[in-house]
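Understanding the architecture of this molecule
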Amino acid sequence: CALVGDGTLLCWGRETEATALAYPGLSGVAEFDLDGLFHGCARFTNGTLRCGRFARPIPVTDATQLDAGQSHACARRRDGSVRCWGFNSSGQLGALEPPPDMYTPVDPGLQCVVQVVAGGDHTCALITDGTVRCWGSNHFGQIGDGSTLDRPVPVSVRGVSEVVRLVAGPTTTCGIREDRSVVCW
């Protein structure tokens, strides 16, 4: 998909469908992110969210940033808190109890968040003080707490500070520090 300057979303797919078509019913899109199961999530200029093949509304009305992982998505809210929704197979939503359905946002209990990133089955948040908290799948150490145990609630990433930007992949997370060095876990 491509986000056009006027807020229209153009999408195409399958080998035989090379022509870009406007995503039905979506205009005023500020940000769009694709993932494995939702078929994409959109954040609109008014702070609302829609996800999935049928652009189902997500009950968050003040989103300022969006990121989608393999089977979940998260949004940073205007007040610096985070909401996550989707599958919670490894605790990637940041809650001990699973939500009633995959479209109900969960609050992982963080404040002062600058950025949230959703990896394969893990999530990380950059805090205003330059530290990072992560939760979810940790089979490859992608939570950064020195273990390989899944963490259903946010934990601090060990030895990481002065981070200004995060990027999450399927099984790893990296941060860019103030001095432009890169640290990965």
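Structure report, in brief.

Rules behind the numbers
- Residues numbered from 1 in each chain as written.
- Predicted model: local features only at pLDDT ≥ 70, side-chain atom pairs only at ≥ 80, totals over all residues.
- Heavy atoms only, no water.
- Pairing = 2+ DSSP bridges.
- Helix = DSSP H or I, 4+ residues; strand = E, 2+ residues; numbered from the N terminus.
- Axes fitted to C-alpha atoms, helices over the stretch in contact; angles between N-to-C directions.
- Salt bridge = Lys/Arg side-chain N within 4 Å of Asp/Glu carboxyl O.
- Contact = heavy atoms within 4.5 Å.
- Disulfide = S-S within 2.5 Å.
- Buried < 20%, exposed > 50% of the residue type's maximum accessible area, 1.4 Å probe, protein only.
- Patch = residues over 30% accessible without salt bridge, like charges linked within 9 Å, V, L, I, M, F, W, Y side chains within 5 Å.
- Areas by Shrake-Rupley, 256 points an atom, 1.4 Å probe, with all protein chains shown as cover.

**Digging into the sheet that holds strand 4 (residues 29-33)**
What holds strands together in a sheet is hydrogen bonding between their backbones, with the strands either parallel or antiparallel. With antiparallel pairing, the four strands of this open sheet are ordered in space as 4-5-6-7. If you trace the sheet from one side to the other, it starts and ends with strand 4 and strand 7 (56-58), each paired once. Put simply, the sheet's adjacent strands are angled 25° from each other on average, direction ignored. Note that strand 5 (residues 41-44) and strand 6 (residues 49-51) share three bridges and pair antiparallel. Within strand 6, the residue paired with Cys 41 across the bridge is Cys 51.

**Some thoughts on the pattern of salt bridges**
Pairs can form between side chains of opposite charge once their charged atoms are near each other. All told, the structure shown has four salt bridges when counted by the stated rule. Glu 31 is paired through a salt bridge with Arg 43; the nearest N and O atoms lie 2.8 Å apart. With a gap of twelve residues between them, Glu 31 in strand 4 and Arg 43 in strand 5 connect regions that are remote in the sequence. One salt bridge in this structure joins Asp 62 and Arg 77, with 2.8 Å as the shortest N-O distance.

**Topic: the environment of Gly 91**
Residue placement: Gly 91 occurs in the loop between strand 10 (82-86) and strand 11 (113-118). Each C-alpha atom, one on Gly 91 and one on Arg 151, is 6.3 Å from the other, the two residues being 60 residues apart in sequence. Setting aside its immediate chain neighbours within four residues, Gly 91 contacts Trp 135, Gly 136, Arg 151 and Pro 152.

**Observations concerning the sheet that holds strand 14 (residues 151-156)**
Pairing is antiparallel in the open sheet, where four strands are placed in the order 11-12-13-14. Of all strands in the sheet, those bounded by a partner on one side alone are strand 11 and strand 14. For this sheet, the mean inter-axis angle between neighbouring strands, taken without regard to orientation, is 15°. Examined bridge by bridge, strand 12 (residues 122-127) and strand 13 (residues 132-136) share five bridges and lie antiparallel to one another. Considered in strand 13, the bridge of His 122 is made with Gly 136.

**As for the side chain of Ser 90**
With respect to the helices and strands, Ser 90 occurs in the loop between strand 10 and strand 11. If we skip the residues at most four places from it in the chain, Ser 90 touches Asp 121, Gly 136, Ser 137, Asp 150 and Arg 151.

**Describing the state of the cysteines**
Inspection of every chain in the model, using the stated rule, returns four disulfides. Between the sulfur atoms of Cys 124 and its disulfide partner Cys 134 the distance amounts to 2.1 Å. Here Cys 124 and Cys 134 share a disulfide; its torsion about the S-S bond, 110°, makes the bridge right-handed. Of the two residues, Cys 124 is situated in strand 12 and Cys 134 in strand 13; the sequence distance between them amounts to ten residues.

**Comments concerning the pairing of strand 11**
In terms of burial, strand 11 is a largely internal element, five of the six residues being buried. Between strand 11 and the antiparallel strand that follows it, strand 12, lie three residues.

**Description of the side chain of Gln 115**
Inspection of the secondary structure assignment puts Gln 115 in strand 11. Residue class for Gln 115 comes out buried when judged on its relative accessible area of 6%. The residues touching Gln 115, leaving out its near neighbours within four places in the chain, are Gln 65, Arg 76, Cys 124, Ala 125, Leu 126, Arg 165 and Leu 166.

**A few points about a nonpolar patch on the surface**
A surface patch of nonpolar side chains, about 240 Å² in accessible area, is lined by Val 164, Ile 176 and Val 182. Here Ile 176 is to be found in strand 16 (residues 173-177). In this structure Ile 176 comes out as partly exposed when scored by relative accessible area, which is 34%.

**Focus: unusual backbone geometry**
Phi at Cys 112 is positive, roughly 60°, even though this residue is not glycine. Of note, Cys 112 is situated in the loop between strand 10 and strand 11. Positive phi, close to 55°, is recorded for Glu 162, a residue that is not glycine. Mapped onto the elements of the fold, Glu 162 is located in the loop between strand 14 and strand 15 (163-168).

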